[in-house]
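Structural description and commentary
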Amino acid sequence: MRVIIEPDYEALSKWAANYVANRIIEANPTPEKPFVLGCPTGSSPLGLYRNLIDMYSAGKISFQNVITFNMDEYVKLPENHPESYHSFMWNNFFSHIDIKPENVHILNGNAPDLIAECNHYEEMIAEAGGVDLFMGGIGPDGHLAFNEPGSSLSSRTRIKTLTTDTIHANSRFFDNDLSLVPKQALTVGIGTVMDAKEVLLVCSGHNKARALKHCIDGDISHKWTSSMLQMHPHAIVVCDEAACDELTVGTYKYYLDKERGNL
């Protein structure tokens, strides 16, 4: 695992966006061989998306030959609801770049058969040749996508019941009214993310410090599902100083020295 420590949220967002853009540019995607990008939602990737939009606006990158697969979507929340992940992605990213609508894939939380929807999602990822780079964030309890504590580390796309902690955390998007927060979601599994060629997580703020500690410096555990990325051959975590508050001094210095070329 590679860990990049930046001073603040803006710096980590810029580093992450530059990395994603460079990977797409290096791949030189074509209609016959597109670049497949996994996309998260939530507050963590907003800076990453803003920087990618700026690069597109400056003519540095095109998303014409990029296919995306989002990590998750709420169950029984209308797609046009302002807090649906369909709305989130189009409002904060897709409508600002040149991606083709037919290349965007987001789970349908209103499908008549949710199990079939999840199975079809896995099939579409496979048909696209697998995910080249899966972006993501880390929840305060260490969850990745909606793979809550206790989730199988070999899980695939499926229906998940959200924990009380996640419902409380997401209530800020629903006027702090817990009754309005969906109680289930469709989500890619940890196994789905692990199949990606590369995984890039962003992690910011003191409230994520405990999760970051377990993710990069703890044992691999289904109680902290993002910790499974320790087993990925090409995983990167980009974090800020505040998120490092619970790392040991030795771990913190190790990752700084490693990126400075001292190791």
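Above this text sits the structure in question.
Criteria and cut-off values
- Residues numbered from 1 in each chain as written.
- Predicted model: local features only at pLDDT ≥ 70, side-chain atom pairs only at ≥ 80, totals over all residues.
- Heavy atoms only, no water.
- Helix = DSSP H or I, 4+ residues; strand = E, 2+ residues; numbered from the N terminus.
- Rg over C-alpha atoms; globule rule 2.2 N^0.38 Å.
- Buried < 20%, exposed > 50% of the residue type's maximum accessible area, 1.4 Å probe, protein only.
- Contact = heavy atoms within 4.5 Å.
- Areas by Shrake-Rupley, 256 points an atom, 1.4 Å probe, with all protein chains shown as cover.
- Lys, Arg positive; Asp, Glu negative; His and termini not counted.
- Charge placed at Lys NZ, Arg CZ, Asp CG, Glu CD.
- Salt bridge = Lys/Arg side-chain N within 4 Å of Asp/Glu carboxyl O.
- Pairing = 2+ DSSP bridges.
- Axes fitted to C-alpha atoms, helices over the stretch in contact; angles between N-to-C directions.

With that settled, the discussion passes to the overall build of the protein. Scanning the protein for helices and strands turns up 8 helices and 10 strands. Here the protein has a C-alpha radius of gyration of 17 Å; the compact-globule value for 263 residues is 18 Å, and the two agree. On the principal axes, the C-alpha backbone points of the protein span a range of 55 × 45 × 35 Å. The buried share of the protein, taken over its 263 residues, is 55%. Counting only contacts in the protein whose residues sit at least 6 apart along the sequence, the fraction spanning at least 24 positions is 78%. When the accessible area of the protein is evaluated, it comes to approximately 11600 Å², of which 50% is carbon and sulfur surface. The positive charge centre, built from 21 side chains, and the negative charge centre, built from 33, are 4 Å apart in the protein.

All right, on to the pattern of salt bridges then. All chains considered together, the criterion is met by 8 salt bridges. Close ionic contact of Arg 2 with Glu 259 constitutes a salt bridge, the shortest N to O distance being 3.0 Å. Here Arg 2, found in strand β1 (residues 2–6), pairs with Glu 259, found in helix α8 (residues 249–260); they are 257 residues apart in sequence, far enough to count as distant. A residue is classified by how much of its surface remains accessible, and Glu 259, at 34% relative accessible area, is partly exposed. The salt bridge involving Arg 156 is made with Glu 122; its shortest N-O contact spans 3.0 Å. Placement of the pair is Arg 156 in the loop between β6 (133–137) and β7 (158–161) and Glu 122 in helix α4 (residues 114–127), with a sequence separation of 34 residues. Residue Arg 156 is classed as partly exposed on the basis of its relative accessible area of 34%.

A few words now on the sheet that holds strand β8 (residues 184–187). Here 3 strands make up an open sheet; going across it, the order is β4-β8-β7 and the pairing antiparallel. Two strands in the sheet have a free side with no partner beyond their single neighbour: β4 (72–74) and β7. If you compare each strand with its neighbour and ignore which way they point, the axes differ by 30° on average. Along the sheet, α4 makes contact with β7 and β8, crossing β7 at roughly 120°.

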